[in-house]
Amino acid sequence: MPALLDDEQISLVLRSDLPRWTREGDALVRSVTSPRFADGIRLVDKVAVVADERDHHPDIDIRWTTVTFRLSTHWRGGITEADVALAAEIDKLVAD
């Protein structure tokens, strides 16, 4: 069972490992703008595969060419290492 990260741990991760992410309440958040709508949908498809493999699923908001990912371990009530790991995987997919 993943443990909740405390405020200091979350701040450190955001500074050192996930600089493109922000914290909004009990979630890690990143928005990605693609050149075209279809490119954003392809990114969401790639993230869906990784999320299913990890059995850890982000909230995803699609607005034309901008996709926003929101990660939180809802059943734990906050941010865990599972969220940090999925955020890092999303960063890799965005870079591809």
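The structure presented is a predicted model; accordingly, all values stated were derived computationally and were not measured. The residue count restarts for each chain, going from 1 along the sequence in the order it is written. The model is predicted, so local features are restricted to residues of pLDDT at least 70 and side-chain atom pairs to those at 80 or more, both for listing and for counting; the totals for chains, interfaces and linings are taken over all residues. The basis for the side-chain values is all heavy atoms of the structure; hydrogens and waters are excluded.

Asks: What is the right way to read the overall build of the chain from this model?
Replies: To qualify as a helix, a DSSP run of H or I must reach at least 4 residues; to qualify as a strand, a run of E must reach at least 2; elements of each kind are numbered from the N terminus. Along the backbone of the chain there are three helices and four strands. When the helices and strands of the chain are read in sequence order from the N terminus, they spell out α-β-β-α-β-β-α. Dimensions along the principal axes, computed over C-alpha positions, put the chain at roughly 35 × 25 × 20 Å. Out of the 96 residues belonging to the chain, those deemed buried represent 39%. The contacts in the chain between residues at least 6 apart in sequence include a share of 64% that link residues at least 24 apart. Split by element, the accessible area of the chain, about 5,700 Å² in all, is 51% carbon and sulfur. Working convention for charge: Lys and Arg count positive, Asp and Glu count negative, and His plus the chain ends are omitted. Working definition for charges: the position is that of NZ of Lys, CZ of Arg, CG of Asp or CD of Glu. Positive and negative side-chain charges of the chain, numbering 12 and 18 respectively, have mean locations separated by a distance of 5 Å. When a residue's accessible area, from a 1.4 Å probe over protein chains only, is under 20% of the maximum for its type it is buried; when over 50% it is exposed; and in between it is partly exposed. Contacts between residues were defined by any pair of non-hydrogen atoms, one from each residue, lying within 4.5 Å. In this description, accessible areas are obtained by the Shrake-Rupley approach with a 1.4 Å probe, and a residue is regarded as covered only by the protein chains that are shown.

Asks: Which parts of the structure should I look at to understand the sheet that holds strand β1 (residues 22-24)?
Replies: By way of backbone hydrogen bonds, the strands of a sheet pair with one another, either parallel or antiparallel. Strands sit in the order β1-β2-β4-β3 across an open sheet of four strands; the sheet is antiparallel. What marks the edges here is a single partner per strand, and that holds for β1 and β3 (59-63). Between one strand axis and the next, the sheet turns by 30° as a mean value, whatever way the strands run. For two strands to be treated as a pair, DSSP must find at least two bridges joining them. Relative to strand β4 (residues 66-71), strand β2 (residues 27-33) is paired through six bridges, and the arrangement is antiparallel. Bridge pairing in β4 places R30 opposite F69. Lines fitted to C-alpha atoms define the axes here, with helix axes fitted over just the stretch in contact, and angles between the N-to-C directions of these axes take values from 0 to 180 degrees. Each of β2 and β4 is contacted by helix α3 (residues 81-95), which is oriented at about 10° to β2, the strand it contacts most.

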